[in-house]
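The residues making up each chain are set out below.
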Number of protein chains: 2
Amino acid sequence: MSRLGAGPATLLGPGDDAAVVRAADGRVVASTDVLVEGRHFRRDWCGPADVGHRAAAANLADIAAMGATPTALLVALCVPGDLDASWAEGLADGLTAEAALCGASVVGGDMSSSPALAVAVTALGDLGGLDPVRRDGARPGDLLALCGRIGYAAAGYTVLSRGFRTPKMLVEAYRRPVVRYAAGPEAARLGATSMIDVSDGLLQDVGHLASAGRVGMDIRSSAFDVPDQMRDAAKALGVDPYQWVLAGGDDHPLAATFPAGTELPDGWREIGSVHDGSGVTVDGRPWSGPLGWDHFR
Amino acid sequence: MSRLGAGPATLLGPGDDAAVVRAADGRVVASTDVLVEGRHFRRDWCGPADVGHRAAAANLADIAAMGATPTALLVALCVPGDLDASWAEGLADGLTAEAALCGASVVGGDMSSSPALAVAVTALGDLGGLDPVRRDGARPGDLLALCGRIGYAAAGYTVLSRGFRTPKMLVEAYRRPVVRYAAGPEAARLGATSMIDVSDGLLQDVGHLASAGRVGMDIRSSAFDVPDQMRDAAKALGVDPYQWVLAGGDDHPLAATFPAGTELPDGWREIGSVHDGSGVTVDGRPWSGPLGWDHFR
C-alpha cells in the first residue's frame, strides 16, 4: 500500500514482517470488516477514496463503540488484474484520510490479485484505562441515546439506486459517513452501560443491545429531526423518511445506554428508554417496516 | 465465525463490536495477509482445515519473525454463495487449531458473500518487553541462521502440480506448514540483529534482509540436508532439489542474523554469513535459478 501516514501510535509502520503499534493501556481493541464490490459498494457510485473512507469508517466506528480510541488500520486488498493502479492509490488515500480524523494511521497491508474486488480492514484501538463498553450492560430505567447522523446514508443509497445524483448532501453522506469517533471514549467516561455502532439500521442494532442485555427498549420517533432535504427527497421518491431513520444503515452513529439522569454532552440526544422485557418498539408499538439494511439485495 | 476458542490473551472474544486482547507489553505487533483461491490455494489440493492452517501460519510466522509471541487472529472471509457451509466451518477449525499451537486464538471476524473465495487474516502479538527484530539490522561479520523446514512445501507443490498425491510427507508439508513459533522470541532474546520469515523463497527473503541492512549475504549450500524423500521426488520429477530449498516458498521457517559466535540453540542451523557489499550469493557465486516463488503463475 502506498501513501501511508504514521500516527502517534505507530512505533513501526509498513515495510517489515509486521507493524508495531502503541498499546499503552496494556490491552488492544481489534475488529475486522470486509467490503466486497457489488455487495457493499459500487464503483460507479463511489470513487476509490470514498470506498476507502467507508471501509475505514465501518471499522473505526466499531473501535469507538467499545469506548476506545482508534490507533491503527491494517488493510488486505483483493484486486482484479484489470483494475487501474490509481484506483488502489485512491483507496489508500481514503483509508489514510479517514483514519487521520481520529489520529490513527494505516500501519500494514497486503494485496493480491483476485477475480473479485474486496477490501478487508482491521482496526486497532486503545481503551486508555477505561473498561470496554460492551453490548450487554443495559439495565431497565437506563436512557437510550444516539450520537451522529442517522438515515442520511440510506437516503443517499435510495437516491443513487433510483439513478439520481442529487441531493448532494444525501449522496455524499452515503459515500463518506461522518462519524464522531471521540464520542465513543466520551460515552465510556460518562458511564455508558452498553454501546454499539449503527451499521445495519437503528432498530436492528438497538435490538442487539436489547437482546444482549435481556431488556426491552423503546424509541421515540419525535427524537429525530428529519432535515428538509431528506423530507423533500423522501416525498419525491415516495419513501417514508422514517424508513431511512429507523431501518437504514451505513451512517455508523453510536447508540448507547446511560443511567437515567445522565447529562448528555453536545452531539448526543436521548432517543428512548430501556425497560423490563424484550425487543424494540417505536413509540410503544412494534414497527411494521423492514427491520434492517440488506446491501444491494 | 463458529468454533472459536479463547486463549489466555483473549479478554473479550467474538460477539461484540470488537474484541479486547491483552497487550501486556504496552505495544502490539500486527500483520495482515490475504489468501485468494486459485492464487494461494486450490480447493482440490487442500481441504478447508488445511487452508485455515496455511492462512494462520502465514500470519503467525510474521509475528514470530518480529520476535513476538502471537496472541490473536482476526479473520475476514469472502465466500461464493454456493460454497458449502461446512467448508467455512472447516476453515475456522484449521485457523483455530494452528493459532492454538502458539497459544493464540481467533477473537473476531467478518464474512461476506463474494464472487471469489478469499480469506484475509490479521495476527496480533506481544513483544514481552523485547525490542522488535527488524529486517534492517544485519552487520558484516554476523552469521546467518535458519530455523524450520525449507523446500518441503515447494516440493509438495510440484508433486501436486504434476498430478501426484505422494510422497505424503511433501504433500502434507505443502498443506500444513510446520512453524516453530517460539523460535521468534528465542532469537530476539539471543540478540538476533535481523529476522524475516521465509514465505517467498530463501534467496528472495534473505535478499530482503541484505537490502534492508545494506549488506551482502552468502549462503552455504552444504548447510542443507536434502532428505531422501525429497531427493527421490526431485529425481523422479526431473527437478534440482536445491531449486526447492533456495527458491521455494510457503514453509515459513525463520531466517535471522546473529552476532558472530552466537551459540545457536536446537532447531537453528547456521546457513551462511553477512559481509560488506550487497546481494545474496550461494557458495560465493550468484545463483542461476529462479529467485522466488510465484504462486500459480
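All of these numbers come straight from a predicted model, not from anything done at the bench.

Reading guide: rules and limits
Residues numbered from 1 in each chain as written. Chains lettered and ligands numbered in written order. Predicted model: local features only at pLDDT ≥ 70, side-chain atom pairs only at ≥ 80, totals over all residues. Heavy atoms only, no water. Salt bridge = Lys/Arg side-chain N within 4 Å of Asp/Glu carboxyl O. Helix = DSSP H or I, 4+ residues; strand = E, 2+ residues; numbered from the N terminus. Buried < 20%, exposed > 50% of the residue type's maximum accessible area, 1.4 Å probe, protein only. Least-squares fit on C-alpha atoms with pLDDT ≥ 70 in both. Pairing = 2+ DSSP bridges. Contact = heavy atoms within 4.5 Å. Polar contact = N/O pair within 3.5 Å; in protein donor to acceptor, adjacent residues only side chain to side chain. Domains from an automatic or database assignment. Buried area = accessible area lost by both parts, 1.4 Å probe. Nonpolar A, V, L, I, M, F, W, Y, C, P; charged D, E, K, R; others polar.

**Re the pattern of salt bridges**
Two side chains of opposite charge can pair, provided their charged atoms sit close to one another.
At step 1: The final tally for this structure, using the stated rule, is 24 salt bridges over all chains.
At step 2: In this structure, the salt-bridge partner of B:Glu172 is B:Lys168, at a minimum N-O distance of 3.8 Å. Residue B:Glu172 and its partner B:Lys168 are both found in helix H4 (residues 168-175); the two are separated by four residues, about one turn of the helix.
At step 3: Look at B:Lys168 and you get exposed, because its relative accessible area is 55%.
At step 4: Each of A:Asp16, A:Asp17 and B:Arg135 takes part in one network of salt bridges that share partners.

**Notes on the relation of the copies chain B and chain A**
Superposition of the two copies of the chain requires a rotation about an axis together with a shift along that axis.
At step 1: Structural alignment of chain B on chain A gives an RMSD of 0.0 Å, achieved by rotating through 180 degrees and translating 0.0 Å along the axis. Taken together, the rotation angle and the small translation identify this as a two-fold axis. Relative to the rotation axis, the closest C-alpha in chain B is found at B:Gly26, a distance of 2.4 Å.

**So, the pairing of strand S11 (residues 268-275) of chain B**
Where a strand is regular, its side chains alternate between the two sheet faces.
At step 1: Judged from the five bridges that link them, strand S7 (residues 143-147) of chain B and S11(B) form a sheet pairing that is antiparallel. Looking at the pairing, B:Cys147 lines up with B:Trp268 of S11(B).

**Focus on the interface of chain B and chain A**
At step 1: Contacts between the two partners involve 53 residues from chain B and, on the opposite side, 53 residues from chain A.
At step 2: Taken together, the connections running from chain B to chain A amount to four salt bridges.
At step 3: A salt bridge links A:Asp16 to B:Arg135; the shortest N-O distance between them is 3.8 Å.
At step 4: At the junction of chain B with chain A, the criterion picks out 15 residue pairs in polar contact (both at pLDDT 80 or more).
At step 5: Of all the elements in the fold, those that place two or more residues in the side of chain B that touches chain A are strand S1 (10-12), strand S2 (19-22), strand S3 (27-36), helix H1 (48-64), strand S4 (69-79), strand S5 (105-113), strand S6 (118-126) and strand S8 (194-197) of chain B.
At step 6: With nine residues, the single largest contributor to the side of chain B that touches chain A is S3(B).
At step 7: The pairing of strand S3 (residues 27-36) of chain A with S2(B) spans four bridges and is classified as antiparallel. Residue pairing across strands places A:Ala30 opposite B:Ala19, the latter belonging to S2(B).

**Brief notes about the domain arrangement of chain A**
Residues and elements named next belong to chain A.
At step 1: For chain A, the domain assignment lists domain 1 (10-126) and domain 2 (143-282).
At step 2: The C-alpha centroid of domain 2 is placed 24 Å from the C-alpha centroid of domain 1.
At step 3: Across the contact, 22 residues belong to domain 1 and 19 residues belong to domain 2.
At step 4: Interface of domain 1 and domain 2: buried area, both sides summed, is about 1700 Å²; carbon and sulfur atoms make up 59% of it.
At step 5: For domain 1, the biggest contributors to the area lost against domain 2 are Trp 45, Arg 54 and Ala 65; these three give 38% of the whole.
At step 6: Joining domain 1 to domain 2, the criterion identifies two salt bridges.
At step 7: The partner of Arg 176 in a salt bridge is Asp 50, and the shortest N-O contact between them spans 2.7 Å.
At step 8: Linking domain 1 with domain 2 are six residue pairs in polar contact (both at pLDDT 80 or more), by the criterion used here.
At step 9: No other element matches the ten residues that helix H1 (residues 48-64) contributes to the side of domain 1 that touches domain 2.
At step 10: In the side of domain 1 that touches domain 2, the residues fall into 13 nonpolar, four polar and five charged.

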